[in-house]
Amino acid sequence: MTALIVLGVIVLFAFYAISVYNGLVTARNGYKNAFAQIDVQLTRRYDLIPNLVETAKGYMKHERETLEAVVQARNSAVSGLSAAKANPGDPQAMQQLSGAENALTQTLGRLFALSEAYPDLKANQNMMQLSEELTSTENKVAFARQAYNDSVMAYNNAREVFPSSIVANMFAFTPAQLLEIEAPEKREAVKVSFS
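Worth saying up front: this structure is predicted, and the values here are computed from it rather than measured. (Residues numbered from 1 in each chain as written. Predicted model: local features only at pLDDT ≥ 70, side-chain atom pairs only at ≥ 80, totals over all residues. Heavy atoms only, no water.)

With that settled, consider the overall build of the protein. Along the protein, the regular secondary structure elements total six helices and zero strands. On C-alpha atoms alone, the protein measures out to a radius of gyration of 23 Å, which is more than a quarter above the 16 Å that the 2.2 N^0.38 rule sets for 195 residues. Overall size of the protein, expressed as C-alpha extent along the three principal axes, is 90 × 25 × 25 Å. Counting all 195 residues of the protein, 40% fall into the buried class. Of all intrachain contacts in the protein linking residues separated by at least 6 positions in sequence, the fraction that spans at least 24 positions is 81%. (Helix = DSSP H or I, 4+ residues; strand = E, 2+ residues; numbered from the N terminus. Rg over C-alpha atoms; globule rule 2.2 N^0.38 Å. Buried < 20%, exposed > 50% of the residue type's maximum accessible area, 1.4 Å probe, protein only. Contact = heavy atoms within 4.5 Å.)

Here the focus is unusual backbone geometry. The phi torsion of most residues other than glycine is negative, and most of the peptide bonds are trans. Here the bond from Phe162 into Pro163 is cis, since omega is 5 degrees, no more than 30 degrees from zero. With respect to the secondary-structure elements, Pro163 resides in the loop between α5 (125–160) and α6 (164–170). The residue Ala172 is not glycine, and still its phi comes out positive at about 55 degrees. Here Ala172 lies in the segment after α6.

As a further point, take the packing of aromatic side chains. Tallying each qualifying case throughout the model produces five aromatic pairs. Geometrically, the ring pair formed by Tyr31 and Tyr155 is tilted, given 5.1 Å between the ring centres and 55 degrees between the ring planes. With a gap of 124 residues between them, Tyr31 in helix α1 (residues 2–57) and Tyr155 in helix α5 connect regions that are remote in the sequence. Across the pair, Tyr155 and Tyr31 agree in class, each one buried. (Phe/Tyr/Trp six-rings, centres within 6.5 Å; stacked < 30°, edge-to-face > 60°.)

Before going further, it helps to spend a moment on the pattern of salt bridges. Pairs can form between side chains of opposite charge once their charged atoms are near each other. Counted by the stated rule, this structure contains seven salt bridges. A salt bridge links Arg64 to Glu68; the nearest nitrogen and oxygen atoms lie 2.9 Å apart. Here the residue Arg64 and the residue Glu68 both occupy positions in helix α2 (residues 64–86), the gap between them amounting to four residues, near one helical turn. Under the relative-accessibility criterion, Glu68 is labelled partly exposed at 43%. Of the charged contacts, one joins Glu160 and Arg159 as a salt bridge, the two residues approaching to 3.7 Å between their closest N and O atoms. Here the salt bridges share partners, and the residues they tie into one network are Arg45, Glu101 and Glu138. (Salt bridge = Lys/Arg side-chain N within 4 Å of Asp/Glu carboxyl O.)

The predicted model of the protein averages 88 in pLDDT, with 92% of residues at 70 or higher. This model gives residues 183–187 a pLDDT under 50, and the stretch forms four contacts once residues within four places in sequence are excluded. (pLDDT = per-residue confidence, 0-100.)

With that out of the way, let us pick up the environment of Arg45. Following the sequence through the fold, Arg45 ends up in helix α1. Taking the C-alpha atoms as reference, Arg45 lies 9.2 Å from Arg74; in sequence the two are 29 residues apart. Polar contacts involving the side chain of Arg45 include one to the side chain of Glu138, which spans 2.5 Å. (Polar contact = N/O pair within 3.5 Å; in protein donor to acceptor, adjacent residues only side chain to side chain.)

A word on the side chain of Gln41. Mapped onto the elements of the fold, Gln41 is located in helix α1. Apart from the residues within four sequence positions on either side, Gln41 is in contact with Thr137, Lys140 and Val141.

Time to look at the nonpolar core. Counting residues in hydrophobic clusters, the biggest one holds 46 residues, and the most contacted among them are Phe35, Leu52, Leu97, Leu108, Leu111 and Tyr148. Of all the elements in the fold, those that place two or more residues in this core are α1, α2, α3 (91–115), α5 and α6. The element contributing the most residues to this core is α1, with 16 residues. Residue contacts for Phe35: discarding those within four places in its chain leaves Leu81, Ala84, Lys85, Pro88, Met94, Leu97 and Tyr148. (Core = buried A, V, L, I, M, F, W, Y, C linked by side-chain atoms within 4.5 Å.)

In structure tokens, the structure reads:
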């Protein structure tokens, strides 16, 4: 009889451990999927930027430095996204992506501020359409980032609470990193106004 009770406890523990393990895998896959949505939106954003620069280039001949800074920041952000895609949740990759995104947002802000001095550029239909698409994409990036951060928080909570933490440590479930922007003023989407 004692052997049956011990066997029953072992079976219950095994089912519990399997359940926790599966929950952690599901949560990890959830934040990776949420990051894939960020990837889609950031890739769209990066694809819009060269068109924006080309449109502005014809009007802003004397602003070559700013245009080159935008292209360089975009390329850096693409590299950061590639590193983050390889290992979503990795603290170093998320920090690299966050820093690259901050730099890109700043250089785009400078580009739009300078474009205010060029009335013909402000009135250009292509420029207005591209800037509107970029603003829309910025909003989608913000929503995707929030969904990703929510998924990361749920995963980290699941792996850190007791007794799930025991199973998480046994199977090397590492913490995931949020995708954060450090300064509050950088949390705002690029403001575009050509009116």
